[in-house]
Every structure is written in structure tokens, then in C-alpha cells.
Amino acid sequence: MIKISLNKLLVIFLLFAISSCTDDFEKLNTDPLKSKDMNEDYLFTYTQIWTSGERYEAWRANLIYSSCIVQQFSSVYSYWEGDKYTENNGSYLSAFWDANYPNAIKYIQDILNTIKTSKDSAQKINKISQARILRAFIFHRVTDLYGDIPYTEAAKGYISGIITPKYDSQESIYKDMIKEIKESVDAFDDTKITFGQADLLYAGDIPKWKKFANSLRLRLAMRISGKDGGAEVKAAITDAATKGGFITKKDEIAWINNTDGPSSISKNPNSKVFTEAKESSMRLAKTFVDHLIATKDPRLFVYGAIYKDDNWQDGNNIAKNIGGTDFNNYKNALPNGTKSTNNIWKNRKVKPLVQLNRRFLAQYNAPTFLLTAAEVHFLLAEASVRGWGGGEAKKHYEDGVTQAMSVFDMYNSAAAISSDRAALFLRDNPFKASGTKQEKIYQIAKQKWTANFLNFYESFADFRRLDFLDLTAVYVDGTTKTDKGKFPRRLRYPQNESSRNKKNYNAAVGKLGEGDNIKSTVWWDTGKSGL
């Protein structure tokens, strides 16, 4: 039902956009949000799709940088700069910023301004709550990648005449996002209207929006736990108990059901890189593959594939996966930091490397997960281990793994992993109930890392918060600006910010420990978070 709604709403939105165009200069300079043709519902749909992302920033921020830093993809090609920690292409580093400020951030701000200034705003309190929660989701990704960013003054060029917005501190942004989420949950009113079918996440289902909001709050609270000792985690868990609960089941997850059209923006952003752009420069990283083999994880056969002659294309079709379901066939994987002169790369046509399983994960209509039940269970498991509440750690660990393995039929029915197979995995990889606190948290974190494959934004943030993986930072002479053994910790601001918003940019850079580069840390990045 939602897939049909997405197609219809996009067609209507595009028709609206075309009908709103005019050659009249005076009309172009009036407030587009005051147009009688503006429909906040369609704009909300469009904002959710932009939140899911486009090929441009997915290729650069999610794949080229984040995926390689957390060592789930690897590449020998120089433009995959995250693999060897280079920062030569400023537009790659700023891609997520450049994509979100004029699109998702602008649209969500426009929606809130339109609704709040309308005559019937009191009847639209649920729409305001939905928009405030979505706004927090959008901004948390931006600040996680860059640190201090324009927030309170962002996207207010027309509304307030602010064209050089100040950079708010990440600390203040996080406090405000948590406040916004909490207030939005409290404000929901079952007697008032919602965005209804224009809402691609939950079709206006208020109980599910509360679960999403509470779960997002838990994610944010855990992110800053190294700064506040878990105070916000405790508060999030306490409040959720009486205010709607968390996402804990498959039918509650926050996801965008992408389609094959009608607009390019409706397609899965990662899949557009893999399929539309035919990107084939990356391979599954050896660190990731070795972990899946060591734990006999059936997700290896969903995530990975072996193609004859190392070529995933068979004419216009995806080649057959000749690896099958034998773990021994997947042992030849590409380490991060490998040069193109290395024999493992030069001999890849004779000994094919583990690649992305394109049959399962590279389709345009593949789902985009924003926040899953698996992640929430792992967050609660960690909270429990730390003594911050949340229930039994072992139960949440097991539920997290089970939920993580349950979603693959949403990509392709042939990719489904049965509950019996998930149970077998848990039998062979039980929760370390008698382990140290660090061992338990690392085990939970590794399962979250495995479950969040393709959502590398979240894995990159989690990795920095905990430094949880047995990863070794790469170092290639002459190709890195970072110190040997030191991982990148953030992305760099857009280069043109130093000229168009010089004063505010300089103030933000002045607070970064090592300047505006990938070595500096963001506010919440304390490393290991108390372990």
C-alpha cells in the first residue's frame, strides 16, 4: 500500500512543481510557502524521501567514506578516499552537507513554518510533532558527520533573512534535539489530524510515531553517554515505559519503501550507485568477511557474492553467485588499505574477491532502513550491561540478532533467513553472560555493526563512540594525512563555507582540536565511552 502511495504522491508532487513554475519574475520572488497551491502533505512525503537520501551523498558520505572507515567495504581506487584516509576531494567530504541543507533541511523548516503560521495550526499539532521528530533525525546525521553546524538559524534565508547562519555547538544541538523529540511525543493527540498517507514511514500511525521518536531519542542519548554518564539513556528508557515504548518488532521499524520510479529520488540511493552508476570499485572488506566466516553468520550469503572472473555483470544481467552457501568459498577478501599493485587485486580474475550480492542488495526498490528493531534491542542490551535499565541484556542481544536476520525478505524473498537459522547462530554465538562489561558491550556492538550493513552513517558514529571493533587503521606511505594507526573521526566542512560564511566558519573551526580535517573529533566522541 505504501509503495503505491509513494508513486502516486511523487507524481502529484511533480505535477504541482511543474504547475507552480512561472516566467513572472515578481511571482518568483514571493514566498512559495504562501502559494495557495502549496500542499504540506506532499512536501512532507518529499522530505522523507530526501531524508532517505540520494545517489550523490550516498555514494560519497555513506559508501566512499563511512563504509571503508568501518571496514565493511574496501577499494584500491584512489577516489574511494575513506579506504586510505585521504581528503583530497573536498566535494566528497561535504556531499552530505551539500545535499541536506538545500533539500531535506530546507523542506522540513518550510513545513514547520507553514503549519505553525497557518490559521488552523492548533488542529495540526500531530503534523508539527511528526515534522519536529523528522527534523531531529535529519540534523542528527549532519552533526554526527561534521560536529558544530548551522542549526537554530539554518534554512531561514527567506523566513528571517539569515544568509550566514551561526554554527551551533554539537552539545547544544543534541540537547535541543532530545528536547524536541520529548516534547513532540507529549504533544501527540489522537483526536487531531496527521499526515496520513502522505507519511511514508507510518501512514500517520501515532503509536508507531511515538515508538520511532522514543527509539531515536534512545539512539541520541546513547551517542552522548560518554559525556553525561548515561543520564539521558536512563531518562529515555524511563519515559518510553509510559509514553509509547520502543521499536521492538519488524512491523514497527522506520523505513522507506523505495520504488523503481517514477522519479529518480524514489529509488534506493545505495542501489543507484551500485546499479545506475554501475559502481564496481569496492569489495567487501576482509575484516568484515572474516568476522562473518568466524561466526558462521548466514548473512554472509546475503551481503556477499563470488562472481566468475570477478565480474558481476553477465551482459545486461547480474552474474550468478558461484560462491553458494559454503563459507570456505568466501575466504578471499580485500583488506582495507590495499594498493592496486598488490597481487590479491592483480589476481582477482583467477581468484575472485568477495563482492556485494547485487541480486539481493542492489535493486532500486530495496528498502532504506532509518531505524530498526534490531538496533533498538542492541541499544537496550548495552544500556542493561552498563546498569542504565532497559531489561535483560541477554534477551535484548538475542532479540536483536533475531530481528536483524528477519528483514531480508524485504529485499528479496530468496534472501530470507529463517528463524531456525537465526536460532542456530545464537546457539553457536551465545551472549557472553559471564564476560567483562567491555566484552559484553563489544559483542553487542559487533552485532549492531553487522546488522547495520549499508547504513554506514550509523556504523561510523557507533564506531567513534566506542572504538569497539578489532580494527587496525590503515597506513599507506604518501597517501594519508592522518597519523599512522589513527582513524578519521569526522568529515570536513564545505570549502566554500570559509568564504561565504567566513566568520561563523572560523569560529567553528577554532573549536576543533586539529582544525577542519578528518582527524578532529566531534563533541560527543570521547573514545570508548567509559570502557
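Residues numbered from 1 in each chain as written. Predicted model: local features only at pLDDT ≥ 70, side-chain atom pairs only at ≥ 80, totals over all residues. Heavy atoms only, no water.

Quick look at helix H6 (residues 95-116) now. Along its 22 residues, H6 runs 31 Å from first to last C-alpha, staying within 8% of the 32 Å computed at 1.5 Å per residue. In the structure, H6 departs most strongly from a straight axis at Tyr 101, where the bend amounts to approximately 50° and where the proline Pro 102 lies between one and four residues downstream. Buried residues dominate H6, accounting for 18 of its 22 residues. (Helix = DSSP H or I, 4+ residues; strand = E, 2+ residues; numbered from the N terminus. Expected span 1.5 Å × (residues − 1). Bend = angle between axes of the 7 residues up to and from the residue. Buried < 20%, exposed > 50% of the residue type's maximum accessible area, 1.4 Å probe, protein only.)

Looking at the protein chain as a whole, its pLDDT mean stands at 91, while 91% of the residues score no less than 70. Predicted confidence is poor over residues 1-5, with pLDDT under 50, and the contacts of this stretch with residues over four places away or in other chains come to eight contacts. Below pLDDT 50 for its whole length, residues 14-36 participates in 13 contacts with residues either more than four positions away or in separate chains. (pLDDT = per-residue confidence, 0-100. Contact = heavy atoms within 4.5 Å.)

Time to look at the pattern of salt bridges. Opposite charge on two side chains permits pairing when their charged atoms draw close. Considering all chains together, one arrives at 45 salt bridges under this definition. A salt bridge links Lys 124 to Glu 40; the shortest N-O distance between them is 2.9 Å. Of this pair, Lys 124 sits in the loop between H6 and helix H7 (125-146) while Glu 40 is found in helix H3 (residues 40-52), placing the two residues 84 residues apart along the sequence. Of the two residues, Lys 124 and Glu 40, neither departs from the other in class, the shared state being buried. In this structure, Lys 106 engages Asp 110 in a salt bridge whose closest nitrogen and oxygen atoms are separated by 2.8 Å. On the criterion of helical spacing, the pair formed by Lys 106 and Asp 110 is a turn pair, its members being four residues apart in helix H6. Take Lys 106: its relative accessible area is 34%, and that puts it in the partly exposed class. (Salt bridge = Lys/Arg side-chain N within 4 Å of Asp/Glu carboxyl O.)

Turning our attention to the layout of surface pockets. The computed volume of the second largest pocket comes to approximately 330 Å³. Along the walls of the second largest pocket sit 16 residues, with Tyr 101, Ile 163, Pro 165, Glu 497 and Arg 500 positioned nearest its centre. Secondary structure elements with two or more residues in the lining of the second largest pocket: H6 and helix H23 (497-500). For the lining of the second largest pocket, the element with the most residues is H6, which contributes four residues. (1 Å grid on protein atoms, 1.4 Å probe; cavity = no way out; pocket = protein on both sides within 12 Å on 5 of 7 lines; lining within 4 Å. Points joined across faces, edges and corners; volume = space filled by probe spheres on them.)

Once that is clear, we can look at the packing of aromatic side chains. If you walk through the whole model with that rule in mind, you get 35 aromatic pairs. With 6.4 Å between their ring centres and 15° between their planes, Tyr 146 and Tyr 493 make a pair best called stacked. Taken as a pair, Tyr 146 in helix H7 and Tyr 493 in the loop between helix H22 (456-466) and H23 lie far apart in primary sequence, 347 residues in all. For the residue pair Tyr 146 and Tyr 493, the accessibility class agrees, reading buried in each case. Through successive ring pairs, a cluster of aromatic residues spans Phe 73, Phe 274, Phe 288, Tyr 303, Phe 369, Phe 408, Tyr 411, Trp 449, Phe 453 and Phe 456. One Lys or Arg, Arg 358, reaches over the ring of Trp 312 and ends 3.9 Å from the middle of that ring. (Phe/Tyr/Trp six-rings, centres within 6.5 Å; stacked < 30°, edge-to-face > 60°. Lys NZ or Arg CZ within 6 Å of the ring centre and 35° of its normal.)

This part covers the nonpolar core. Counting 152 residues, the largest nonpolar core has Phe 73, Phe 212 and Phe 453 as its most contacted members. No other element matches the eleven residues that H7 contributes to this core. When sequence neighbours within four positions are dropped, the list of residues in contact with Phe 453 reads Gln 72, Phe 73, Leu 284, Phe 288, Tyr 303, Leu 356 and Leu 361. (Core = buried A, V, L, I, M, F, W, Y, C linked by side-chain atoms within 4.5 Å.)

Turning next to empty space enclosed by the protein. Summed over the entire model, instances satisfying the criterion amount to four cavities of 30 Å³ or more. Quantified by volume, the largest cavity comes out at close to 420 Å³. The set of elements that each furnish at least two residues to the lining of the largest cavity consists of helix H4 (55-69), helix H13 (269-276), strand E10 (368-371), helix H18 (373-386) and helix H19 (393-405). Of the residues that constitute the lining of the largest cavity, the class distribution is 21 nonpolar, twelve polar and five charged. Roughly 70 Å³ of internal volume is contained in the second largest cavity. As for the second largest cavity, its lining consists of Trp 50, Thr 51, Ser 52, Gly 53, Glu 57, Phe 96, Asn 100, Phe 137, Ile 138, Arg 141 and Tyr 457. The set of elements that each furnish at least two residues to the lining of the second largest cavity consists of H3, H6 and H7. Along the lines of polarity and charge, the residues of the lining of the second largest cavity split into five nonpolar, four polar and two charged. (Nonpolar A, V, L, I, M, F, W, Y, C, P; charged D, E, K, R; others polar.)

Further remarks concern the side chain of His 377. Relative to the assigned elements, His 377 resides in helix H18. Residue classification places His 377 among the buried residues on the basis of a relative accessible area of 5%. For His 377, the side chain forms a polar contact with the main-chain oxygen of Thr 248, separated by 3.1 Å. In this structure, His 377 is in contact with Thr 248, His 396, Asp 399, Gly 400 and Gln 403, ignoring residues within four places of it in sequence. (Polar contact = N/O pair within 3.5 Å; in protein donor to acceptor, adjacent residues only side chain to side chain.)

The next subject is helix H21 (residues 437-451). With 15 residues, H21 extends 21 Å between its outermost C-alpha atoms, agreeing within 8% with the 21 Å of an ideal straight helix rising 1.5 Å per residue. Of all the positions in H21, only Lys 440, Ile 441, Tyr 442, Gln 443, Ile 444, Ala 445, Gln 447, Lys 448, Trp 449 and Thr 450 are classed as buried. Summarising the contacts, the buried residues of H21 are in contact with helix H14 (286-294), helix H15 (300-303), H18, H19, helix H20 (419-428) and H22.

Mapped onto the fold, Asp 144 is located in helix H7. Of the residues examined, Asp 144 reaches a relative accessible area of 4% and is grouped as buried. Sequence-distant contacts of Asp 144, that is, excluding residues within four places in its chain, are made with Gln 170, Tyr 174, Arg 223, Ala 461, Arg 464, Val 522 and Trp 524.

Two elements in contact, H7 and helix H10 (residues 206-223), have axes separated by 11 Å at closest approach and are oriented at 30°. Considering the angle they form, H7 stands roughly parallel to H10. Here H7 and H10 pass one another in a crossing that is left-handed. Contacts between H7 and H10 involve Asn 126, Gln 130, Ile 133, Ala 136, Phe 137, His 140 and Asp 144 from the first element and Ile 206, Trp 209, Phe 212, Ala 213, Leu 216, Arg 219, Leu 220 and Arg 223 from the second. (Axes fitted to C-alpha atoms, helices over the stretch in contact; angles between N-to-C directions. Parallel < 35°, antiparallel > 145°, perpendicular 65-115°, else oblique. Left-handed = near helix turned anticlockwise from the far one by under 90°.)

Glancing now at the packing of H21 against H22. Where H21 meets H22, the closest approach of the two axes is 10 Å, and the angle between their N-to-C directions is 165°. Our classification of the angle between H21 and H22 gives roughly antiparallel. The way H21 lies across H22 gives a crossing that is left-handed. Residues Ile 441, Tyr 442, Ala 445, Lys 448 and Trp 449 of H21 touch H22, and the partners they reach there are Ser 459, Asp 462, Arg 465 and Leu 466. Looking at the contact of H21 with H22, its residues break down into five nonpolar, one polar and three charged.

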